Amino acid sequence: MDLCTERLLLKEMTWDDINIIHRLHQIEEVAEFNTIGIPRHTGDTLEVMLSALEDQHMKIRQHFGWTVWTKDTEEFVGEGGMHLSADRFRRGEIHYSLMPEHWHKGYATELVKCLIRFGFTELTLHRIQAGVAVGNGRSIHVLEKAGMTREGLRRKNLPLREGWQDSYQYAILEDDFFKE
Ligand SMILES: CC(C)(COP(=O)(O)OP(=O)(O)OC[C@H]1O[C@@H](n2cnc3c(N)ncnc32)[C@H](O)[C@@H]1OP(=O)(O)O)[C@@H](O)C(=O)NCCC(=O)NCCS
């Protein structure tokens, strides 16, 4: 299930992507708000990728993971993914990380908008959400630019390096998306 935007190509993750994903998650700034910390070896990274890779063989999908590339020069930009709830909730939760050399280009917003569009139009979801550390201003900005609404704050639910941190809960509903 590959996807594309004006400037980006999203390819479903394969086992061959382990080294580039590992390299991405090893970067200090990328891992700053990551609850799994910096992976020490590729085995740690594989653990994170495993649900999306194994799920590709399932009839009913619950996990999607994509590597993200520039369409024109085929440079590796980062990764994005979506985890689906039990069917009756029709809910998806998204995540994403980009290589720092591709920050400040608008790619993250383009990627998040694409995941939202995919969730509502292809997966017929009712609600798409994301949690973000209160200190992660860049990601908060991306979620808001992509049309998500801040619904609340979870207290001290993220085990980050500096200790337990609060997170904001963001979401967009199918009604918000289709009325735009
Ligand atoms: C969070 C993260 C994805 C944000 O990336 P980003 O590059 O800052 O986000 P954007 O794609 O929205 O780009 C931002 C800026 O690009 C600039 N830009 C340049 N060209 C642009 C274009 N063609 N279109 C739009 N924006 C463009 C804009 O100035 C924009 O900032 P502004 O909206 O304040 O004007 C990135 O910091 C990251 O990977 N962090 C580590 C992992 C992480 O925290 N993930 C999220 C966990 S919740």
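Residues numbered from 1 in each chain as written. Predicted model: local features only at pLDDT ≥ 70, side-chain atom pairs only at ≥ 80, totals over all residues.

Some thoughts on helix α5 (residues 137–145)
Because each turn of an α-helix spans 3.6 residues, side chains separated by three or four positions end up pointing in the same direction. Our working definition: Burial is judged by counting other C-beta atoms within 10 Å of a residue's own C-beta: 20 or more means buried, 12 or fewer means exposed, and anything between counts as partly exposed, with every C-beta placed from the backbone. Counting from the N terminus, the helices are the DSSP runs of H or I reaching at least four residues and the strands are the DSSP runs of E reaching at least two. Along the arc lie the directions from the helix axis toward the C-beta atoms. Any pair of residues counts as being in contact when their C-beta atoms, constructed from backbone geometry, are within 7 Å of one another.
Turning to α5, its buried residues are Ser139, Val142 and Leu143. Along the long axis of α5, the arc covered by the buried residues comes to 95°, so they all point the same way. Taken together, the buried residues of α5 touch α4 (107–122), β6 (127–133) and β8 (163–173). A positive phi of about 95° marks glycine 147, the residue just after α5.

Details of the site of the ligand
As a reminder, the rule being used: Nearness rests on one distance test: the residue's C-beta atom, set from the backbone, must lie within 6 Å of the molecule or strand. Classification used: nonpolar for Ala, Val, Leu, Ile, Met, Phe, Trp, Tyr, Cys and Pro, charged for Asp, Glu, Lys and Arg, polar for all others including Gly.
Near the ligand lie 19 residues; those nearest to it are Trp103, Gly106, Ala108, Thr109 and Ser139. Elements that contribute at least two residues to the shell around the ligand include exactly β5 (91–98), α4 and α5. Ranked by residues supplied to the shell around the ligand, first place goes to α5 with 5 residues. Across the shell around the ligand, the residue classes break down as 9 nonpolar, 7 polar and 3 charged.

Description of the packing of α4 against α5
To keep things clear, this is the line we draw: Axis lines are fitted to C-alpha atoms, over the contacting stretch for helices. Their N-to-C directions set the angle, which ranges from 0 to 180 degrees. Note on terminology: angles under 35 degrees are roughly parallel, angles over 145 are roughly antiparallel, angles of 65 to 115 are roughly perpendicular, and the others are oblique. Less than a right angle of anticlockwise turn of the near helix away from the far helix marks a crossing as left-handed, whereas a clockwise turn marks it as right-handed.
Put simply, α4 and α5 touch, their axes get as near as 9 Å, and they point 50° apart. One way to sum up the angle between α4 and α5 is to call them oblique. Like other packed secondary-structure pairs, α4 and α5 cross with a definite hand, here right-handed. In this structure, α4 uses Ala108, Thr109 and Val112 to contact α5, whose residues at the interface are Val142, Leu143 and Lys145.

Structural notes on the nonpolar core
Soluble globular proteins tend to pack their nonpolar side chains together in the buried interior. This is how it is decided: For this entry, the nonpolar core is defined as buried Ala, Val, Leu, Ile, Met, Phe, Trp, Tyr and Cys residues connected by C-beta atoms within 7 Å.
Core analysis: the biggest nonpolar cluster contains 35 residues, and Ile94, Ala108, Leu111, Val112, Leu115, Ile116 and Leu143 have the highest contact counts within it. The contact partners of leucine 111, leaving out residues within four places of it in the chain, are Leu8, Val68, Gly80 and Tyr96.

A few points about the sheet that holds β8
The strands that make up a sheet pair up through hydrogen bonds in the backbone, lying either parallel or antiparallel. Where we set the bar: Two strands qualify as a pair provided that DSSP identifies no fewer than 2 bridges between them.
An order of β1-β2-β3-β4-β5-β6-β8-β7 is seen for the 8 strands of this open sheet, with the pairing classed as mixed. Edge strands, defined here as strands with exactly one partner in the open sheet, are β1 (3–4) and β7 (149–160). Pairing of β1 with strand β2 (residues 8–12), which is carried by 2 bridges, proceeds in the antiparallel orientation. Looking at the pairing, cysteine 4 lines up with leucine 9 of β2. Across the face of the sheet, helix α3 (residues 42–55) comes into contact with β3 (63–70) and β4 (76–84) while running at roughly 100° to β3.

Observations regarding the pairing of β5
Formally: Handedness is read with the strands pointing away from the viewer; a crossover is right-handed when the path from the first strand over the helix to the second is clockwise.
Two strands pair when backbone bridges link them, and β4 and β5 are joined in this way by 7 bridges, in the antiparallel orientation. If you follow methionine 82 over to β5, its bridge partner there is isoleucine 94. Counting the residues in the hairpin turn of β4 and β5 gives 6 residues, including arginine 90, whose phi is positive at 45°. Pairing of β5 with β6 involves 3 bridges; the strand directions are parallel. Looking at β6, one finds that glutamate 93 is bridged to glutamine 129. In this fold, β5 hands off to α4, which returns the chain to β6; that crossover is right-handed.

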